[in-house]
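Listed below, chain by chain, are the residues.
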Amino acid sequence: MLPRLISYSLLLFPLALSAQSSLTLNGLVRDAAGAPIPAAVLSLQPSGLSATTNGEGQFSFASLTPGDYLLTVTATGFVPHQETLALASSLPNLALRLHTMRTSVEISERMDDFLAAHSVSVTKSPQQLLDLPYAVQVLPKALLEDRQVQELRDLYRNISGVTDSPYSAMTFRGFTQREILFNGVRGNPYGSLDSGIDDAGFSTSQGRLTNIEFVEVLKGPAAVLFGAGEPGGVISFVTRKPRANHAAELSFRTGSFSQKGGHGELTGPISRKHNLFYRAAWYQEDRRTFRYNSRNENSHAAAALSWRPGPATSLGFEYEYIDQLLPAYRLRGIPVNSGGAWLAAREWNSSEPGDFSALQSRIFQTRLDHAFTPTLRLDATFRFLNFDRPERYHEPRGINPDGRTMRREFRDQYRANDDFSLTLNTYQRLAPRGFFTHNLVYGFETVRQDWTGRYATARERSRGGPVPDLDMRTPLYTVFGPAPYALPAYTNQNVDSRRLGFFLQDQVELLPRLQ
């Protein structure tokens with residue numbers, strides 16, 4: 001038995017020596033057009049080694065042992081790349097190609113993971129979150145679908161420091177604000193571009209997450225990149241884009257309070273030869289609430305076209321139509337007495353069945369992305385929206401001395417907007433020899449808003465008006481159509497605002513991991 005054991009040992013010894021032989025991995029990183037990418041960072045696991053490409057896009061890993069490795073490549077402005085390697089001998093040259101990460105949703109790239117590592121919207125340029133000197137949170141599509149979030153206000157519970165606030169607003173780090181971005185630019189279809197709650201900034205529409213791919217949140221002051229705004233931060237909703245492959249999706253939803261809804265979607269290539277892609281979608285939801293007379297009716301149509309004339313250029317077009325009807329939805333709190341006891345049931349509503357808040361919104365957006373070189377890219381976005389927001393409702397004005405009836409007045413209001421915005425963002429990476437690397441982001445934004453408002457009010461009976469009081473315990477609703485009140489002359493208001501801004505940001509890279 002002993003000679004046989006010795007023979008096995010002698011046989012295995014040279015194999016162990018061979019397994020420890022040193023291997024070298026050489027490679028070249030290029031973009032989709034074949035140009036080298038300098039300063040790309042590569043990591044090799046499980047060895048824990050890292051490398052950075054030189055000016056010709058070359059890299060090298062030495063002193064490797066045979067085995068399986070995971071190679072990860074990241075570069076500013078490019079989609080991260082991973083490749084599994086089985087090393088048995090030295091490789092003379094491993095060729096890797098990275099694809100440009102556009103500041104829109106790439107037709108071949110989907111952000112389906114729960115953990116997002118990049119920002120493409122609120123940072124004005126594609127950036128890795130770890131490289132940013134400010135706080136950015138990304139809520140990817142997988143999270144939105146998992147939580148089945150339908151309304152904007154339901155999304156805020158997933159963002160630290162943000163809570164819901166009345167009139168389509170939010171409380172962001174203690175500051176009330178209502179301006180949000182779509183695709184990184186101004187043009188909110190559920191509310192106005194700017195201004196205060198007393199005029200153009202006022203909105204009672206219900207923001208929806210239909211047609212949203214993912215959400216990005218920049219926390220803290222953002223005036224350097226976005227101009228005048230609230231100090232809480234900026235939220236950008238990125239809409240869905242056409243996909244490179246044919247796909248169809250159909251969903252249905254039902255629930256309490258007679259909820260029913262769903263959506264249908266088609267996407268894919270029109271012509272692969274010409275790199276022309278399309279997307280069409282329809283969303284619908286209707287439901288009641290536990291408040292008297294109140295319900296929600298939402299319809300949303302979306303269409304998009306994407307054209308890629310070359311590997312460095314893309315042109316996209318989007319159109320959306322939103323139709324929202326919220327009958328008796330100007331909801332107020334439940335009235336109480338001085339001791340805090342409720343004077344009405346939780347279903348209480350001062351609005352009549354004929355009251356409503358409505359929205360018809362039409363949005364058009366076109367976007368151009370172009371990469372002049374691997375280190376110089378720009379995107380330009382033009383966005384136009386037009387909406388009408390009529391509403392009629394009964395507003396509670398105080399409890400009568402009997403402690404049982406509520407005084408009310410009737411308000412007839414109409415608001416309309418024509419909003420235009422043009423934004424140009426340029427990203428340039430400069431790496432002078434002997435100096436630090438500079439990641440420059442610069443551009444401009446011009447915004448125009450034409451807003452119109454019209455108001456009329458019918459007073460309560462205690463002030464000589466025609467609007468009857470409402471019993472809070474056993475309310476009797478009688479107004480089922482346009483209120484039969486003789487309204488006084490309407491008050492008209494117009495706001496015509498302009499905004500022009502330029503921005504420049506320089507992110508200095510002292511070392512690949514020190515910025």
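See the structure shown above.
Note that the coordinates shown come from a computational prediction; the quantities given were computed from them, not determined experimentally.

1. A word on the sheet that holds strand S14 (residues 181-182)
The strands making up a sheet are joined through hydrogen bonds of the backbone, oriented either antiparallel or parallel.
Line of reasoning, step 1. The mixed open sheet is built from five strands, whose spatial order is S10-S16-S17-S14-S15. Among the strands making up the open sheet, the edge pair consists of strand S10 (136-139) and strand S15 (185-186).
Line of reasoning, step 2. Bridging between S14 and strand S17 (residues 233-239) involves two bridges; their strand directions are parallel. Residue pairing in the sheet places Leu181 in a bridge with Ser236 of S17.

2. Re the pairing of strand S16 (residues 212-219)
Line of reasoning, step 1. Among the eight residues of S16, eight are classified as buried, and the element is accordingly described as predominantly covered.
Line of reasoning, step 2. When S16 meets S17, the two strands line up antiparallel, connected through seven bridges. Across the sheet, residue Val217 finds its bridge partner in S17, namely Ile235.

3. Examining the layout of surface pockets
Line of reasoning, step 1. Each pocket or cavity is described by its volume, and for the largest pocket that value is around 720 Å³.
Line of reasoning, step 2. In terms of lining residues, the largest pocket is bounded by 29 residues, among which Thr74, Gln128, Leu130, Asp131 and Arg513 are the most central.
Line of reasoning, step 3. Secondary-structure elements contributing two or more residues to the lining of the largest pocket are strand S2 (41-45), strand S5 (67-74) and strand S28 (491-509).
Line of reasoning, step 4. The biggest single contributor to the lining of the largest pocket is S28, with five residues.

4. Considering the environment of Phe444
Line of reasoning, step 1. Structurally, Phe444 is set in strand S26 (residues 437-458).
Line of reasoning, step 2. According to the relative accessible area criterion, Phe444 is partly exposed, its value standing at 24%.
Line of reasoning, step 3. Along the backbone, Phe444 and Ala135 are 309 residues apart, and their C-alpha atoms lie at a distance of 23 Å.
Line of reasoning, step 4. Excluding its chain neighbours within four sequence positions, the residues that come into contact with Phe444 are Leu422, Thr423, Leu424, Leu500, Gly501, Phe502 and Phe503.

Reading the values: the criteria
- Residues numbered from 1 in each chain as written.
- Predicted model: local features only at pLDDT ≥ 70, side-chain atom pairs only at ≥ 80, totals over all residues.
- Heavy atoms only, no water.
- Pairing = 2+ DSSP bridges.
- Helix = DSSP H or I, 4+ residues; strand = E, 2+ residues; numbered from the N terminus.
- Buried < 20%, exposed > 50% of the residue type's maximum accessible area, 1.4 Å probe, protein only.
- 1 Å grid on protein atoms, 1.4 Å probe; cavity = no way out; pocket = protein on both sides within 12 Å on 5 of 7 lines; lining within 4 Å.
- Points joined across faces, edges and corners; volume = space filled by probe spheres on them.
- Contact = heavy atoms within 4.5 Å.

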